Amino acid sequence: MNSLEPYVNVLQKISVYWGLATLIMLGIFLFLWLREPRRLINGITFSIFFFSFLAELAVLIFSTGNLPFVVVMGTLFLLIIGLIFITMISMWLLLLWNAFIVWKRESHTLSNMLTLLLGIFLVVLWFANIFLSATPNSYRTG
């Protein structure tokens, strides 16, 4: 007996409602984007739609009840999440690289140095986190 079989019917019912919510979010995003494509709310509504779509996809994958398929898709999902996590962790490196390119090609105004300042801030924050986690806390009782 497959370990996913008791949950398949519940997941299929959830999939219907979650799919409707995903389609509604897609409709909201498209409506706002077609009205004015340069607004910040478009990015927010697209992010909500995209995460809703990913959740719907996960529910659909689990509702198949096919354990090998679930394992393969879960592994692929974890690899993609790991890649996104590594990119987010190395964001300071990407920001400093961008700042170097902008510094060489553009003028040295404050608006052109924002990526440099953000990259430096993230490096300082990273070292501060390492330093603060390495020092013992004085309020801890032993």
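Computed from a prediction, not measured in an experiment: that's the story for all the values here. (Residues numbered from 1 in each chain as written. Predicted model: local features only at pLDDT ≥ 70, side-chain atom pairs only at ≥ 80, totals over all residues. Heavy atoms only, no water.)

A.B. asks: For this particular structure, what's the right way to read the overall build of the protein chain?
C.D. replies: Looking only at helices and strands, the protein chain features five helices and zero strands. Written out in order from the N terminus, the α and β elements of the protein chain read α-α-α-α-α. Taking 14 Å as the expected radius of gyration for a compact globule of 142 residues, we find that the protein chain reaches 22 Å, considerably beyond that expectation. Seen through its principal axes, the protein chain has C-alpha atoms that stretch 60 × 60 × 30 Å. Burial analysis of the protein chain (142 residues in total) assigns 18% to the buried set. Taking the intrachain contacts of the protein chain between residues at least 6 apart in sequence as the baseline, contacts between residues at least 24 apart amount to 55%. As displayed, the protein chain has an accessible area near 11300 Å², and 76% of this comes from carbon and sulfur atoms. Side-chain charges of the protein chain comprise 7 positive and 4 negative groups, with the mean position of each set lying 11 Å from the other. (Helix = DSSP H or I, 4+ residues; strand = E, 2+ residues; numbered from the N terminus. Rg over C-alpha atoms; globule rule 2.2 N^0.38 Å. Buried < 20%, exposed > 50% of the residue type's maximum accessible area, 1.4 Å probe, protein only. Contact = heavy atoms within 4.5 Å. Areas by Shrake-Rupley, 256 points an atom, 1.4 Å probe, with all protein chains shown as cover. Lys, Arg positive; Asp, Glu negative; His and termini not counted. Charge placed at Lys NZ, Arg CZ, Asp CG, Glu CD.)

A.B. asks: Just checking my understanding: could you explain the layout of surface pockets for this structure?
C.D. replies: Rolled over the atoms, a probe as big as a water molecule pinpoints where empty space is left. Approximately 390 Å³ is the volume attributed to the largest pocket. Together, 15 residues line the largest pocket, and Leu54, Leu57, Met73, Phe77 and Ile80 are the ones closest to its centre. Only α2 (40-63) and α3 (67-89) provide two or more residues apiece to the lining of the largest pocket. With eight residues, α3 is the single largest residue contributor to the lining of the largest pocket. Of the residues contributing to the lining of the largest pocket, the split by class is 14 nonpolar, one polar and no charged. (1 Å grid on protein atoms, 1.4 Å probe; cavity = no way out; pocket = protein on both sides within 12 Å on 5 of 7 lines; lining within 4 Å. Points joined across faces, edges and corners; volume = space filled by probe spheres on them. Nonpolar A, V, L, I, M, F, W, Y, C, P; charged D, E, K, R; others polar.)

A.B. asks: Can you walk me through a nonpolar patch on the surface in this structure?
C.D. replies: A surface patch of nonpolar side chains, about 690 Å² in accessible area, is lined by Leu76, Phe77, Leu78, Ile80, Ile81, Ile84 and Met88. Secondary-structure assignment places Ile84 in helix α3. Among the residues examined, Ile84 registers a relative accessible area of 47% and is labelled partly exposed. (Patch = residues over 30% accessible without salt bridge, like charges linked within 9 Å, V, L, I, M, F, W, Y side chains within 5 Å. Salt bridge = Lys/Arg side-chain N within 4 Å of Asp/Glu carboxyl O.)

A.B. asks: Would you take a moment to explain α2 for this structure?
C.D. replies: Each α-helix turn comprises 3.6 residues. Residues three or four places apart therefore point the same way. Taking 1.5 Å per residue, 24 residues should reach 34 Å; α2 reaches 35 Å between its end C-alpha atoms and fits that length. Along α2, the residues that are buried comprise Asn42, Thr45, Phe49, Ser52, Glu56, Val59, Ile61 and Ser63. On its buried face, α2 sits against α1 (8-35) and α3. A positive phi of about 75° marks Gly65, the residue just after α2. (Expected span 1.5 Å × (residues − 1).)

A.B. asks: Looking at this structure, I do not really get the confidence of the model for the protein chain. What am I missing?
C.D. replies: Close inspection of predicted coordinates is inappropriate for parts of the model with low pLDDT. Averaged over all residues, the pLDDT of the protein chain equals 87, while 94% of them reach at least 70. Ranking the helices and strands of the protein chain by mean pLDDT puts α1 first, with 92, and helix α5 (residues 114-134) last, with 88. (pLDDT = per-residue confidence, 0-100.)

A.B. asks: Which parts of the structure should I look at to understand the packing of helix α4 (residues 91-105) against α5?
C.D. replies: To describe two helices that pack against each other, one gives the angle between their axes and the distance between the axes. Interaxial distance between α4 and α5 falls to 8 Å at its minimum, and their mutual angle equals 150°. Classed by the angle they form, the pair α4 and α5 counts as roughly antiparallel. You can see that α4 and α5 cross each other, and the crossing is left-handed. Contacts from Met91, Trp92, Leu95, Leu96, Asn98, Ala99 and Trp103 in α4 reach Thr115, Leu116, Leu118, Gly119, Ile120, Leu122, Val123 and Trp126 in α5. Its residues placed into classes, the contact of α4 with α5 shows 12 nonpolar, three polar and no charged. (Axes fitted to C-alpha atoms, helices over the stretch in contact; angles between N-to-C directions. Parallel < 35°, antiparallel > 145°, perpendicular 65-115°, else oblique. Left-handed = near helix turned anticlockwise from the far one by under 90°.)

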